[in-house]
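# Notes for the structure review
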Amino acid sequence: MVTVEELSDRALSLSGSITAILGPSLGGMLVAIGSAPIAIGCDAVTYAISAICLTAMRTLRPARRATAPFQTQLLAGLREFHQRRWLILMTAQYGFLNLAAFAPFLILGPVSLAHVVRGAQSWGIISSAIGIGGIFGGGVSLFWHVSRPLVLYETAAAVLVIPLVLLAAQASVPYLALGGVAFGAGIVILNLVAQTTIQRQVPEEALSRINALFGLVAQGLTPLSYAMCGFLARAVGIKPVLAASSVVVGVSVVVLLMRRETWDLRDAPAVADGRSQDKGGRTRGQDNRSSR
């Protein structure tokens, strides 16, 4: 059963994940039914609306408190991060998926359809399917409680193989749209599991540092991934890159499913000190490490 606290954590994480998926999808739709300048113009309007919403917000000014030097906070965050092997594995794989799954599909997908008749419209359909998959994946994971979150994380990563294989095989647009649904669902579930697991397994006093380090590794590699994807596609071709990406993603999932950390970490409600406990009442949030 999903608790109210868990539901609120998932809803907060889901909002960011869904909008991250729906943005490119709506952009693809606007390009398909209109043109690129129209899509960029609509994007500019959304920034203006966001600015208006922010000016209407009223927040309490937090009380000033002494803070440690940056180097001290950084070292403390690294220690907290290093104590949780499951977090190291999850973060490393997310950064790896940027290179092996996200970039190949999102960059090479439009390129592979660029010289096809009505290629832009076709990619718009696929982008819309990605958004539909994101909503579906978010809705399912919002109310579906799993005892082993990292197993669900690896399942979502495995789903990303489907669109890569379909794109490498030059499947027709309807099949690519189904692959887009799988891609959107997989990304949203990955983001949701990562964010909620960190939220529930890491002590509150270390949460900001852990989130910063996760974002640095997982999202900071995105520009490099996009650049490398284009370079590799030009060097060896689009199909070989997509085929190799699907194999590499599948291998990474198998490797992490063979790790005990993936199966040992269990979801549990947070207790007062910001940690979580297993069924035997033992504190899990501080370490959560298992023997290698």
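So, how was this worked out
- Residues numbered from 1 in each chain as written.
- Predicted model: local features only at pLDDT ≥ 70, side-chain atom pairs only at ≥ 80, totals over all residues.
- Heavy atoms only, no water.
- Helix = DSSP H or I, 4+ residues; strand = E, 2+ residues; numbered from the N terminus.
- Buried < 20%, exposed > 50% of the residue type's maximum accessible area, 1.4 Å probe, protein only.
- Areas by Shrake-Rupley, 256 points an atom, 1.4 Å probe, with all protein chains shown as cover.
- Patch = residues over 30% accessible without salt bridge, like charges linked within 9 Å, V, L, I, M, F, W, Y side chains within 5 Å.
- Salt bridge = Lys/Arg side-chain N within 4 Å of Asp/Glu carboxyl O.
- Phe/Tyr/Trp six-rings, centres within 6.5 Å; stacked < 30°, edge-to-face > 60°.
- pLDDT = per-residue confidence, 0-100.
- Contact = heavy atoms within 4.5 Å.
- Core = buried A, V, L, I, M, F, W, Y, C linked by side-chain atoms within 4.5 Å.
- Axes fitted to C-alpha atoms, helices over the stretch in contact; angles between N-to-C directions.
- Parallel < 35°, antiparallel > 145°, perpendicular 65-115°, else oblique.
- Nonpolar A, V, L, I, M, F, W, Y, C, P; charged D, E, K, R; others polar.

### Quick look at the overall build of the chain
- Each helix and strand in the chain was counted, giving twelve helices and zero strands.
- The order of helices and strands in the chain, counted from the N terminus, is α-α-α-α-α-α-α-α-α-α-α-α.
- For the chain, the proportion of its 292 residues judged to be buried stands at 42%.
- Carbon and sulfur atoms provide 68% of the accessible area of the chain, an area that totals close to 16,000 Å².

### With respect to a nonpolar patch on the surface
- On the surface, L99, L216, V217, L221, L224, M228, F231 and L232 cluster together into a nonpolar patch covering about 700 Å² of accessible area.
- Among the elements of the structure, α9 (204-218) and α10 (222-236) are those that each provide at least two residues to the nonpolar patch.
- Element by element, the count of residues in the nonpolar patch is highest for α10, at four residues.
- In this structure, L216 sits in helix α9.
- Under the relative-accessibility criterion, L216 is labelled exposed at 59%.

### What about the packing of aromatic side chains?
- Under the counting rule described, the total for this entry stands at five aromatic pairs.
- Here F102 and F183 contribute two aromatic rings whose centre-to-centre distance is 6.4 Å and whose plane-to-plane angle is 90°, an arrangement assigned as edge-to-face. Remark: F183 occurs in helix α8 (residues 173-201) and F102 occurs in helix α4 (residues 85-113); sequence separation between them is 81 residues.
- Judged by relative accessible area, F183 falls into the buried class, the value being 1%.
- Among the aromatic residues, those joined into a ring-pair cluster are Y94, F102, F105, W123, F183 and F214.

### Details of the confidence of the model for the chain
- When pLDDT is averaged across the chain, the result is 80; 80% of the residues are at 70 or more.
- Helix α1 (residues 4-33) is the least confidently modelled element of the chain, averaging 65 in pLDDT, while helix α7 (residues 161-168) averages 94, the highest of any element.

### A look at the pattern of salt bridges
- With the rule as written, the count across this model stands at three salt bridges.
- Notably, a salt bridge pairs E261 with R259, separated by 3.2 Å at the nearest N-O pair.
- The partly exposed category is assigned to R259, whose relative accessible area is 29%.

### Some remarks on unusual backbone geometry
- With phi around 55°, Q170 is a residue other than glycine that occupies positive phi space.
- Along the chain, Q170 falls in the loop between α7 and α8.
- You can call Q170 exposed: its relative accessible area is 59%.

### Some details on the environment of V151
- Examined against the element boundaries, V151 turns out to sit in helix α6 (residues 149-159).
- Residues V151 and V253 lie 102 residues apart in sequence; the distance between their C-alpha atoms is 9.7 Å.
- Those residues in contact with V151 that sit more than four places away from it in its chain are T262 and W263.

### With respect to the environment of Q199
- Counting through the fold element by element, Q199 comes out in helix α8.
- Between the alpha carbons of Q199 and I210 there is a distance of 9.5 Å; along the sequence they are eleven residues apart.

### Points about the nonpolar core
- Counting 49 residues, the largest nonpolar core has M90, L97, F102, F105, L160, L190 and I198 as the members making the most contacts within it.
- Those elements that place two or more of their residues in this core are α4, α5 (119-143), α6, α7, α8, α9, α10 and α11 (238-257).
- The leading source of residues in this core is α4, at twelve residues.
- Ignoring anything within four residues of it in the chain, the contact list for F102 reads Y94, L97, L160, F183, I187 and L190.

### Notes on the side chain of S252
- For S252, the position within the fold is in helix α11.
- Residue classification places S252 among the buried residues on the basis of a relative accessible area of 11%.
- In this view, S252 contacts Q93, F96 and E154; residues no more than four positions away in its chain are not counted.

### Brief notes about α6
- In terms of burial, α6 is largely enclosed, as eight of its eleven residues are buried.
- For α6, the complete set of buried residues consists of P149, L150, V151, L152, Y153, E154, A156 and A157.
- Contact partners of the buried residues in α6: α4, α7, α8, α11 and α12 (260-264).

### Thoughts on the packing of α6 against α7
- Direction vectors running N to C along α6 and α7 enclose 10°, while the axes themselves pass 4 Å from each other. If you check the angle between α6 and α7, you find them roughly parallel. Where α6 abuts α7, its residues A157, A158 and V159 lie against V161, I162 and P163.
- Its residues assigned to classes, the contact of α6 with α7 shows six nonpolar, no polar and no charged.

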